[in-house]
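Below, each chain spelled out in residue letters.
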Amino acid sequence: MKKKDIINAVNALAKIPINKIKNDKVKFSLISDYRILRKEAKSIDEDRDILIKKFQEDFRDEIDVVAELRRSGLPVNDHKDFLKAESDLNKKLGEILQEETLVAGITPVSLDDLIKAISDTDLSFEDVNNLDCIIAN
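Described below are features of the structure shown in this document.

Thresholds applied
- Residues numbered from 1 in each chain as written.
- Predicted model: local features only at pLDDT ≥ 70, side-chain atom pairs only at ≥ 80, totals over all residues.
- Heavy atoms only, no water.
- Salt bridge = Lys/Arg side-chain N within 4 Å of Asp/Glu carboxyl O.
- Helix = DSSP H or I, 4+ residues; strand = E, 2+ residues; numbered from the N terminus.
- Buried < 20%, exposed > 50% of the residue type's maximum accessible area, 1.4 Å probe, protein only.
- Expected span 1.5 Å × (residues − 1).
- Contact = heavy atoms within 4.5 Å.
- Core = buried A, V, L, I, M, F, W, Y, C linked by side-chain atoms within 4.5 Å.

1. Section: the pattern of salt bridges
No. 1: Counted by the stated rule, this structure contains eight salt bridges.
No. 2: Salt-bridge contacts for Lys3 lead to Glu99; the nearest nitrogen and oxygen are separated by 2.8 Å. Taken as a pair, Lys3 in helix H1 (residues 3–14) and Glu99 in the loop between helix H4 (80–98) and strand S1 (109–110) lie far apart in primary sequence, 96 residues in all.
No. 3: According to the relative accessible area criterion, Lys3 is buried, its value standing at 12%.
No. 4: By relative accessible area, Glu99 is classed as partly exposed at 30%.
No. 5: Between Arg71 and Glu68 there is a salt bridge whose closest N-O contact spans 3.0 Å. Of the two residues, Arg71 and Glu68 both sit in helix H3 (residues 60–72), three residues apart, roughly one turn of that helix.
No. 6: Given a relative accessible area of 61%, Arg71 falls into the exposed group.
No. 7: With relative accessibility at 40%, the residue Glu68 sits in the partly exposed group.

See the structure below:
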């Protein structure tokens with residue numbers, strides 16, 4: 001499963017009020033899956049935060065200057081090293097989200113059972129789509 005799918009699933013599951021899940025079997029599966037996925041998402045966030053902090057430390061003197069130039073709509077011409085590092089950072093952060101990772105212990109839920117169990121919630125089609133990693137085919 002891609003790391004971005006883990007984060008998307010965690011965000012979608014976080015929107016579901018536990019007391020609104022009608023089926024106890026589905027409820028406990030979703031709770032278990034959420035805990036497993038949340039632990040993975042936290043690890044992903046920590047890895048990304050290390051890179052962001054390093055960038056912020058390396059360019060602490062330029063970050064505010066560049067931000068002000070951008071807010072003012074002025075060109076950021078004299079900060080080539082900053083712009084290159086920022087581009088590299090964004091590329092690396094995107095690559096991290098595309099990495100595949102094995103997540104053990106997920107208990108898949110059938111789409112029918114899931115939809116029936118969360119019918120009283122305000123999830124969007126996109127939220128349900130983001131739960132593909134825990135939906136049994």
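Read on, since the account is not over.
2. Some thoughts on H1
No. 1: Here H1 spans 17 Å end to end across 12 residues, near enough to the 16 Å set by a 1.5 Å rise per residue.
No. 2: Here the buried face of H1 lies against helix H2 (24–58), H4 and helix H6 (125–129).

3. Focus on the nonpolar core
Nonpolar side chains in soluble globular proteins tend to end up buried together.
No. 1: Grouped together as the largest cluster of nonpolar side chains are 25 residues, with contacts concentrated most on Leu30, Leu37 and Leu131.
No. 2: Secondary-structure elements contributing two or more residues to this core are H1, H2, H4 and helix H5 (111–117).
No. 3: The biggest single contributor to this core is H1, with six residues.
No. 4: Apart from the residues within four sequence positions on either side, Leu131 is in contact with Ala9, Ala12, Leu13, Ile16 and Leu114.
No. 5: Core analysis: the next-biggest nonpolar cluster, separate from the first, contains nine residues, Phe55, Val66, Leu69 and Phe82 among them.

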